[in-house]
Amino acid sequence: MNLYILNHSFHYELENLTRLFYPNEKINVIKENGAFEKPYIKTELTDKLYAEVSIGDYYKRAEAPLSDDEENERMLCELVYKMLCEKTSVTPPWGMITGVRPVKLYRTLKNETGEAEADRFYKNKLFVSGEKLKLAKLTEKTEKKILDLSRDDSFSLYIAIPFCPSRCKYCSFVQSSVERSKHLVEPYVELLKRELEYTAEIASKLNLRLETVYMGGGTPTTLSAGQMSSVLKTVNDCFDMSACREFTVEAGRPDTVTREKLISLKENNVGRISINPQTLNDEVLKIIGRKHTAAQTLEAYELAREVGFNCINTDLIAGLPGDTVESFKATLDRICDLSPECVTVHTLSMKRSSTLTQDGTQINKDDSVNTALMLSYAEKKLKSEQYIPYYLYRQSRMVGNLENTGWSKKGYESLYNIYVMDETHTILGCGAGAVSKLKKPRSNYLKRIFNFKYPYEYIERYDEQLKRKDEITSFYEGLNTTP
């Protein structure tokens, strides 16, 4: 698909919009005028806004008057959006929204213009369906009381464990299978502890207040009980935990969960864990490369309850290859029988670097329809079980242009998930692939500090890595000198 961008700079949003309708195609962004090669979408800003779509036998041209830059961008997208809806007979449930944070956008509009005007903008200007608008509004309402807990001096700590037993076929995260990189685990753990100690020193000197800790990955429980305990002990010993409201560890893969590891988590003050089956269909688990069974998920869950965990999240994915609507329903029903405190329902995202995409798997219309039915059932079922949506986000190349939603029983919402998705306050990241996001209070400004992605790179260039942490001090000192 050729996307012509003439005399304007709105290529990013138009490219993402085009991908909503053509998720499997390469989109070539062309900024030079000339011969237009079909299939194409042409957008132009001159004395008016012009959009033209020529795909197969379909051809249409539309125009609109000029306005300010923000409205010009939205209007060009609207012209293209309406033609692509007509051409493909597809109406995306989130309308023209392509961004990650639709709830944050809604909250911003609501604060600026009021709820009624925000609703109108979502429905009439962004073409969001009534169903998704209702979900966004309900999620925003749940988030507010948690966002209000954050202060100007608040921060959260993210700890990356970039190792997994194997790589799932849908995954694009930087991680290493333990089979291939076992020799890196021990040196990685030792250096990670040093980074945590140094980060704690910085946070202390800056008088920052730790609100939440989240250890993710990868799969943190790939580590041995001893290795995991040593990392968690470093956190508890080095950081001021007196104000910490939540301590989460992803025990994501059921085949990595043991009684010894769970006891180690409890002994180190971890209160919230995730046990993530993705599906309870063994055939689908094989297709996506998960080296565990549904039975192992149930065993791991019961073991966590025996050890004393009273806040457990389970992740599911709608739209997995080989799954059906009925199979997804059966999985969700069984999960609800377990009564976890949180259930996160993801939509499959076809990332470029995932094995599924590399193997040529494509999204078709039936996939989108079936996945929408799965999410619709999930919303109905979880609401009936007294779960509430507490955070929501979207990713690129999601099947059906849908969403990921975290559902929780009242009082068990994950604070970290809300804070990181809303970009509420500073997140200090430690470990390979972690990103520190430094938030200027009462503004939208974020400064990002990137850690090296790969474990071997993190180890080999560790001294250079540690020096980057000094940017945290510079950032906060700069805030104090700003007039």
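In the block above lies the structure referred to throughout.
These numbers come from a predicted model, not from an experiment.

Turning our attention to the side chain of Glu341. Of note, Glu341 is situated in the loop between helix 11 (325-338) and strand 13 (342-347). For Glu341, a relative accessible area of 8% translates into the label buried. In this structure the side chain of Glu341 is engaged in a polar contact, spanning 2.9 Å, whose partner is the backbone nitrogen of Ile312. The contact partners of Glu341, leaving out residues within four places of it in the chain, are Arg305, Asn310, Cys311, Ile312, Tyr387, Trp407, Ser408, Lys409 and Tyr412.

Let us now look at helix 10 (residues 294-307). In this model helix 10 runs 20 Å from its N-terminal to its C-terminal C-alpha over 14 residues, within 8% of the 20 Å that 1.5 Å per residue would give. Looking at helix 10, one finds that the buried residues are Ala294, Thr297, Ala300, Tyr301, Leu303, Ala304 and Val307. Buried residues along helix 10 sit against helix 8 (259-267), strand 11 (272-274), helix 9 (282-287), strand 12 (312-318) and helix 11. Gly308 sits one or two residues past helix 10 and shows a positive phi near 120°.

This part covers a negative patch on the surface. Taken together, the side chains of Asp68, Asp69, Glu70 and Glu112 make up a negatively charged region of the molecular surface. Mapped onto the elements of the fold, Asp68 is located in the loop between strand 5 (58-64) and helix 2 (69-88).

Grouped together as the largest cluster of nonpolar side chains are 119 residues, with contacts concentrated most on Leu157 and Ile159. Considering each element in turn, this core owes the most residues, ten residues, to helix 6 (residues 178-205). Look past the residues within four positions of Leu157 in its chain and what remains in contact with it is Leu196, Leu210, Thr212, Val213, Tyr214, Val235, Phe239, Tyr416, Leu428 and Cys430. Within the second largest apolar cluster, 13 residues are counted, among which are Val284, Leu356, Ile363 and Val399.

Attention shifts here to the pattern of salt bridges. Within the structure shown, the criterion is met by 38 salt bridges. Of the charged contacts in the structure, one is a salt bridge between Glu403 and Lys132, with a shortest N-O distance of 3.0 Å. Taken as a pair, Glu403 in the loop between strand 14 (387-393) and strand 15 (404-409) and Lys132 in helix 5 (residues 130-147) lie far apart in primary sequence, 271 residues in all. Each member of the pair Glu403 and Lys132 is classed as buried. For Asp153, the salt bridge is made with Arg151, and the minimal N-O distance between the two is 2.9 Å. A relative accessible area of 24% means that Asp153 is categorised as partly exposed. Of the residues examined, Arg151 reaches a relative accessible area of 42% and is grouped as partly exposed.

Bringing the packing of aromatic side chains into the picture now. Within the structure shown, the criterion is met by 18 aromatic pairs. Between the aromatic rings of Tyr158 and Tyr416, the centroid separation amounts to 6.3 Å while the plane-to-plane angle is 20°, which identifies the pairing as stacked. In this pair, Tyr158 sits in strand 6 (residues 154-161) while Tyr416 sits in helix 14 (residues 415-422), placing the two residues 258 residues apart along the sequence. Both residues of the pair, Tyr158 and Tyr416, belong to the buried class. Arranged with centres 5.3 Å apart and planes meeting at 85°, the rings of Phe475 and Tyr476 form a pair that is edge-to-face. In this structure Phe475 comes out as buried when scored by relative accessible area, which is 9%.

Definitions and limits used
- Residues numbered from 1 in each chain as written.
- Predicted model: local features only at pLDDT ≥ 70, side-chain atom pairs only at ≥ 80, totals over all residues.
- Heavy atoms only, no water.
- Helix = DSSP H or I, 4+ residues; strand = E, 2+ residues; numbered from the N terminus.
- Buried < 20%, exposed > 50% of the residue type's maximum accessible area, 1.4 Å probe, protein only.
- Polar contact = N/O pair within 3.5 Å; in protein donor to acceptor, adjacent residues only side chain to side chain.
- Contact = heavy atoms within 4.5 Å.
- Expected span 1.5 Å × (residues − 1).
- Patch = residues over 30% accessible without salt bridge, like charges linked within 9 Å, V, L, I, M, F, W, Y side chains within 5 Å.
- Areas by Shrake-Rupley, 256 points an atom, 1.4 Å probe, with all protein chains shown as cover.
- Salt bridge = Lys/Arg side-chain N within 4 Å of Asp/Glu carboxyl O.
- Lys, Arg positive; Asp, Glu negative; His and termini not counted.
- Charge placed at Lys NZ, Arg CZ, Asp CG, Glu CD.
- Core = buried A, V, L, I, M, F, W, Y, C linked by side-chain atoms within 4.5 Å.
- Phe/Tyr/Trp six-rings, centres within 6.5 Å; stacked < 30°, edge-to-face > 60°.

On their own, these measurements won't tell you what the molecule is for.
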